[in-house]
Amino acid sequence: MPFAPTSPVIRRDCGLWGYERALWRRGLAPVAGVDEAGRGACAGPLVVAAVILPASRSRRLDDLTDSKRMSAQLRERVFDEILSVAQAWATVVIQPFEIDAWGVHVANIAGMRRAVARLTQRPGYVLTDGFAVPGLGAESTAVLKGDQVVACVAAASVVAKVTRDRIMKDLHRRHPEYDFAQHKGYVTAGHAAALAAYGPCEQHRMSYVNVAQAQRERLSRLEDAVTRTGLRSATESA
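The structure presented is a predicted model; accordingly, all values stated were derived computationally and were not measured.

Across all of its chains, the model carries nine salt bridges by this definition. Here Lys68 and Asp147 are joined by a salt bridge, their closest N and O atoms 2.9 Å apart. Note that Lys68 is positioned in the loop between β2 (46-52) and α2 (72-85) and Asp147 in helix α5 (residues 146-149), a separation of 79 residues in sequence.

What follows is the structure, encoded as structure tokens:
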């Protein structure tokens, strides 16, 4: 019968490593954590990470927590520490056109399956952040706010976030007009202004309402410009 952690086995006040310890005691090591970055962005990829941490608390990860609670500088340092101690880790980068084709949730689920499958060690158990993911190749449990209460999920959140931030900085060099390095593809006033001024590029998710609206407005402006040019040419010819 599949093991599903319950409150008598795992208490949410037992620390960041409580879930792993309970699973290790039941012989379900190695335990993989899975999380993603970029789900709420309207530009750039979705990045999914899976991480297996050692079956003992690593002193090198004392600053580990949810990536959203860290400064960029701290995330970079903890990212390096995670990779130095992890038994296995993997990332999957899902491009905007794939998100448009599948929808972000389906793309996220597929990315989580692919990330776990890419691990060089087969996990005995998988913990995911927030929602259940079928088809991971091992028993799994979704943990509410897992990136805040489970070490391996927090580690996956850091790996996914740092990997995606680096991608967005690279995209900024190709498309400086959108300032991707600053907002990382999320909806901000500055990003909205750039979309209005330039329309979307190939890194935008065209299925998202704000991006689709910006594209319609851009095409409308182009059509108006063509019409005005045609009328001017006709008037000059006459």
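Read on, since the account is not over.
All right, on to the sheet that holds strand β4 (residues 125-129) then. If you trace the five strands from one edge of the open sheet to the other, you get β3-β2-β1-β4-β5, paired in mixed fashion. In the strand order of this sheet, the two ends are held by β3 (88-94) and β5 (140-143), each with one partner. Each adjacent strand pair in this sheet contributes to an overall mean axis angle of 20 degrees, direction not counted. One ladder, built from seven bridges, connects β2 with β3; its direction is antiparallel. When the sheet's bridge partners are listed, Ala49 is paired in β3 with Thr91. Sheet strands in contact with helix α6 (residues 151-174) are β1 (31-37), β2, β3 and β4, and its direction is about 35 degrees off that of β1.

Attention now moves to α6. Spanning 24 residues, α6 covers 35 Å between terminal C-alpha atoms, matching the ideal 34 Å at 1.5 Å per step. The buried fraction of α6 amounts to 18 of the 24 residues, a majority that puts the element mostly inside the structure.

What follows is about the side chain of Asp35. Topologically, Asp35 is positioned in strand β1. There is no salt bridge for the buried Asp35, and the closest opposite charge comes from Lys68, which lies 5.5 Å off by N-O distance. Apart from residues no more than four positions distant in its own chain, Asp35 is found in contact with Val47, Val48, Ala49, Met112, Asp129, Asp147, Val153, Ala156, Ser157 and Ala160.

About the criteria used
- Residues numbered from 1 in each chain as written.
- Predicted model: local features only at pLDDT ≥ 70, side-chain atom pairs only at ≥ 80, totals over all residues.
- Heavy atoms only, no water.
- Salt bridge = Lys/Arg side-chain N within 4 Å of Asp/Glu carboxyl O.
- Helix = DSSP H or I, 4+ residues; strand = E, 2+ residues; numbered from the N terminus.
- Pairing = 2+ DSSP bridges.
- Axes fitted to C-alpha atoms, helices over the stretch in contact; angles between N-to-C directions.
- Contact = heavy atoms within 4.5 Å.
- Expected span 1.5 Å × (residues − 1).
- Buried < 20%, exposed > 50% of the residue type's maximum accessible area, 1.4 Å probe, protein only.
- Lys, Arg positive; Asp, Glu negative; His and termini not counted.

In short, shape yes, function no, at least from these values alone.
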